[in-house]
Amino acid sequence: MTSVGTDSPVDGIVATVPIVLSLLVAAWALVAAVRHRPPDRMQFVGLAVLEVALLVLGVLALVAVGGGDQPGEPGAFFGYLVTLVCLPPLAWVLARMEPTRWGSAIVCAVCLVAPVVVVRLQQTWEVLGG
């Protein structure tokens, strides 16, 4: 197996959009948490938009795998992919269960984890097999 590099389905704008969205929602949630505010509708809308962007990323990755491309570390890749698409719903559920400033802190924390998982997803795709 060789490194996929620029042909990776988890690179470019498809990965940049979820990263930026996630950081924007994290900043919004951090401001709310610092101001002792519970999660608001905008945080939940942000999580929904982020989930759509992550699902697009996931579908494109799965289409690439179905088309014959292979990630460098398939087990880790699919683990990160499943984790990634589960993060926003998890944040939504936990934030709804905690309708205080800590709910906003949960949204912030999860949205700070998502970009890291996207980068790890890219790294597991591009690893040289061997």
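Use the structure listed above.
What counts and what doesn't
Residues numbered from 1 in each chain as written. Predicted model: local features only at pLDDT ≥ 70, side-chain atom pairs only at ≥ 80, totals over all residues. Heavy atoms only, no water. Helix = DSSP H or I, 4+ residues; strand = E, 2+ residues; numbered from the N terminus. Buried < 20%, exposed > 50% of the residue type's maximum accessible area, 1.4 Å probe, protein only. Areas by Shrake-Rupley, 256 points an atom, 1.4 Å probe, with all protein chains shown as cover. Lys, Arg positive; Asp, Glu negative; His and termini not counted. Charge placed at Lys NZ, Arg CZ, Asp CG, Glu CD. Axes fitted to C-alpha atoms, helices over the stretch in contact; angles between N-to-C directions. Parallel < 35°, antiparallel > 145°, perpendicular 65-115°, else oblique. Left-handed = near helix turned anticlockwise from the far one by under 90°. Contact = heavy atoms within 4.5 Å. Nonpolar A, V, L, I, M, F, W, Y, C, P; charged D, E, K, R; others polar.

Caption draft 1: Representation of the overall build of the protein within the structure. Secondary structure assignment for the protein yields four helices and zero strands. Across the protein, helices and strands are ordered from the amino to the carboxyl terminus as α-α-α-α. With respect to the three principal axes, the spread of C-alpha positions in the protein is 50 × 25 × 20 Å. Counting across all 130 residues of the protein, residues that qualify as buried make up 38%. Summed over its atoms, the accessible surface of the protein is roughly 6900 Å², and 72% of this surface lies on carbon and sulfur atoms. Across the protein, the centroid of the 6 positively charged side chains sits 23 Å from that of the 8 negatively charged ones.

Caption draft 2: Layout of the packing of helix 2 (residues 41-66) against helix 3 (residues 74-97). Here helix 2 crosses helix 3 at 165°, and the two axes come no closer than 10 Å. If you check the angle between helix 2 and helix 3, you find them roughly antiparallel. Our pair here, helix 2 against helix 3, has a crossing hand that is left-handed. Contacts from F44, L47, L50, E51, L54, L55, L57, G58, A61, L62 and V65 of helix 2 reach helix 3 at F77, F78, L81, L84, V85, P88, P89, A91, W92, A95 and R96. Within the contact of helix 2 with helix 3, the residues separate by chemical class into 19 nonpolar, one polar and two charged.

Nothing here speaks to function; it is all geometry.
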